[in-house]
Structures are given as C-alpha cells and as structure tokens.
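Structural characterization, general
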Amino acid sequence: CNTVIAMGRALGVYVQPALMLPGDVEKDGKRVVINTHLVALYEHADGVTMYDFAQERDRPIKGLSVLDDLWLTAIFLNNQGVDALREGSYDQAIRQLSYATRLAPDFTAAYGNLGVAHRMAGDPEAALATYRQALEIESSSPNILNNLASLYRSLGQEAEARAALQAADLSKASPYMLITRGDLELAQGNHRQAMKYYKRARRASPDIPSPCLAIARLQIRRDNLKAAQRALDRALKLAPENSEVQQLGESVEQLIGGRGSPSSI
C-alpha cells in the first residue's frame, strides 16, 4: 500500500492512505489483537478508486478513515511497538508507541498498546495514566476499557474493573470483549444475562471457538451437561487441535460418565 502511494505521488497523482473499518480480531495467547488494514485511495472526477492488496476478506467493510502522512508514520511505529511487545522488549515497545502517540495524538489504539506495554513493564501507574489519556479521546472505547479492567483486576480492584466494563460501547466491541462482559455477569450470578453476551459473541464471530467455550462453561455451572457437550462439539469442529477445547471436553465427558445408570442390588 505504501509503495502504491509513493509511486502515485512520484507520478504527480495524489494518492491517500485510509484505514479500513472494522479491524480483524484474533487471540494471541492471553492477548486480544486487532489487526487494521491500510488501503490507498485516489479521488478523481468520476468518484474514488480504492486500491486494496488484501488476498481475502471475510468481513464486510463498514467504513474508511482517511489518514494524513503523520498518521501513516504513526501506524508504522505502532506496529513496530506491537512487535516489540510480543517479543517481550517492553522498553523498546514503550519508546516506539510513545512516538506514535506524539505523531497522532488521536490514535486511540496506540495509547491502548502503550498502556499494555507499561503494564507489562511493571508500571501500573503509567499504564493507568495512558488509558486515561485514551479515554479522553474515546470515552467508551471497548478495547481501552477492557484493558483498563484487566489492569484493575491485576491490582485487586474488582469494583473498578466492573465499572470499566460496564462503560464500554458494546456496539463496537470485539467478541472477546463480549465474552469478558458475560464473564462479569456470570461472576455476579446473572446466568441469563451472561448467556446473552456469549450468544452475541458467537453471532459476531461464528468461526472462533471462544464463545462456544464460554457457553459450555456456563452450562456446566447450570449443571446442564448435555447442552455443554453440544457447545463443545461445535467448538471442536471449529478448532479440533485447541487444547483448551479438548481439556474441557474431557472434563464434561468425565462428568457425564460419572452419572451412569445407578447400580442395583
């Protein structure tokens, strides 16, 4: 994408970068990663032409956010910071992500990543301050509030964690955020509300096993093992090699097996 933009401008054609919405969500260990995608736009008399080099796309395009060149550089630095974060190089991640927020002061995701880097580096106060900066830009951001809730939980501040999750705009939430919100309801004994969030997460992302796992755990809590088994069967079809799915499946099978027909004398 950057090459096309550079080539177009070298030829005297003003090509602009744009961010495609929404981003793709994936689970990386315990982290939830949102991958955004850049495209190139060329505005002309007949309208706008979009140059997109993605090989495939399953999710519909909901919008485009046109970027300036500083934003483009900030995205590059943000991506470098995320790579450093994944590698455990927290000082380098903090440096790159800090540069990204300076170049693009409204770049909420960069603040979120910076907050994670501060937390992983063992500086919860800096992480908290960074999340507050992000919330000044987007007060109901589900991703920032989810990170904030995780930070509060690590500090033993469960009430603050619940308040953060409840403040999130769930219309923009990832399926993992919806599951977290369901977990909050489950912890408070609200089984019906928890199930609503889990099913909403499953509808939003029917190709990932996590919502099915959450439903299975809830059904186990309800002592409804047959429903738990159905949810796990669905999860196994989606991710047959997933160790978490396999372990929970074995647990349910043992529970069902332990309820064999009663012996008689």
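From a predicted model like this one, the values you see are computed outputs, not experimental measurements. (Residues numbered from 1 in each chain as written. Predicted model: local features only at pLDDT ≥ 70, side-chain atom pairs only at ≥ 80, totals over all residues. Heavy atoms only, no water.)

Helix and strand content of the protein: twelve helices and four strands. The burial tally for the protein puts 40% of its 265 residues in the buried class. Pairs at least 24 residues apart make up 51% of the contacts formed inside the protein by residues separated by at least 6 positions. Only carbon and sulfur atoms are counted for the fraction: they give 47% of the accessible area of the protein, which is about 15,200 Å². (Helix = DSSP H or I, 4+ residues; strand = E, 2+ residues; numbered from the N terminus. Buried < 20%, exposed > 50% of the residue type's maximum accessible area, 1.4 Å probe, protein only. Contact = heavy atoms within 4.5 Å. Areas by Shrake-Rupley, 256 points an atom, 1.4 Å probe, with all protein chains shown as cover.)

A separate point is helix H4 (residues 108-120). Counted at 1.5 Å a residue, the expected span for H4 with its 13 residues is 18 Å, and the 19 Å between its end C-alpha atoms agrees. Counting buried positions along H4 yields ten of 13 residues, so the element is predominantly enclosed. Of the residues making up H4, those classed as buried are Thr108, Ala110, Tyr111, Gly112, Asn113, Leu114, Gly115, Val116, Ala117 and His118. On the buried face of H4, the contacting elements are helix H2 (69-86), helix H3 (90-103), helix H5 (124-137) and helix H6 (142-154). Positive backbone phi, approximately 85 degrees, marks Gly122, located one or two places after H4. (Expected span 1.5 Å × (residues − 1).)

So, about the packing of aromatic side chains. Evaluation of the coordinates by the stated rule reveals one aromatic pair. Ring geometry for Trp71 and Phe107: centres 4.6 Å apart, planes at 40 degrees, overall tilted. Pair noted here: Trp71 is in helix H2 and Phe107 is in the loop between H3 and H4, with a separation of 36 residues, a long-range link. (Phe/Tyr/Trp six-rings, centres within 6.5 Å; stacked < 30°, edge-to-face > 60°.)

Now for the packing of H4 against H6. It is at 10 Å that the axes of H4 and H6 come closest, and there the two elements cross at 15 degrees. For the element pair H4 / H6, the angle class is roughly parallel. Remark: the crossing between H4 and H6 carries left-handed chirality. Touching Thr108, Gly112, Val116 and Arg119 of H4 are Ile144, Asn147, Ser150, Leu151 and Ser154, all from H6. Within the contact of H4 with H6, the residues separate by chemical class into three nonpolar, five polar and one charged. (Axes fitted to C-alpha atoms, helices over the stretch in contact; angles between N-to-C directions. Parallel < 35°, antiparallel > 145°, perpendicular 65-115°, else oblique. Left-handed = near helix turned anticlockwise from the far one by under 90°. Nonpolar A, V, L, I, M, F, W, Y, C, P; charged D, E, K, R; others polar.)

Assignment of secondary structure puts Arg86 in helix H2. Accessibility expressed as a relative area gives 39% for Arg86, which makes it partly exposed. Along the primary structure Arg86 and Ala117 are separated by 31 residues, whereas in three dimensions their C-alpha atoms are 9.6 Å apart.

So, about unusual backbone geometry. Even without a glycine there, the phi angle at Asp223 is positive, about 65 degrees. On the basis of relative accessible area, Asp223 is assigned to the partly exposed category, the value being 45%.

On to the environment of Gln133. Along the chain, the position of Gln133 falls in helix H5. Along the primary structure Gln133 and Gly112 are separated by 21 residues, whereas in three dimensions their C-alpha atoms are 9.4 Å apart.

Turning next to a positive patch on the surface. Taken together, the side chains of Arg192, Lys196, Lys199, Arg200, Arg203 and Arg222 make up a positively charged region of the molecular surface. By secondary structure assignment, the location of Arg203 is in helix H9 (residues 191-204). (Patch = residues over 30% accessible without salt bridge, like charges linked within 9 Å, V, L, I, M, F, W, Y side chains within 5 Å. Salt bridge = Lys/Arg side-chain N within 4 Å of Asp/Glu carboxyl O. Lys, Arg positive; Asp, Glu negative; His and termini not counted. Charge placed at Lys NZ, Arg CZ, Asp CG, Glu CD.)

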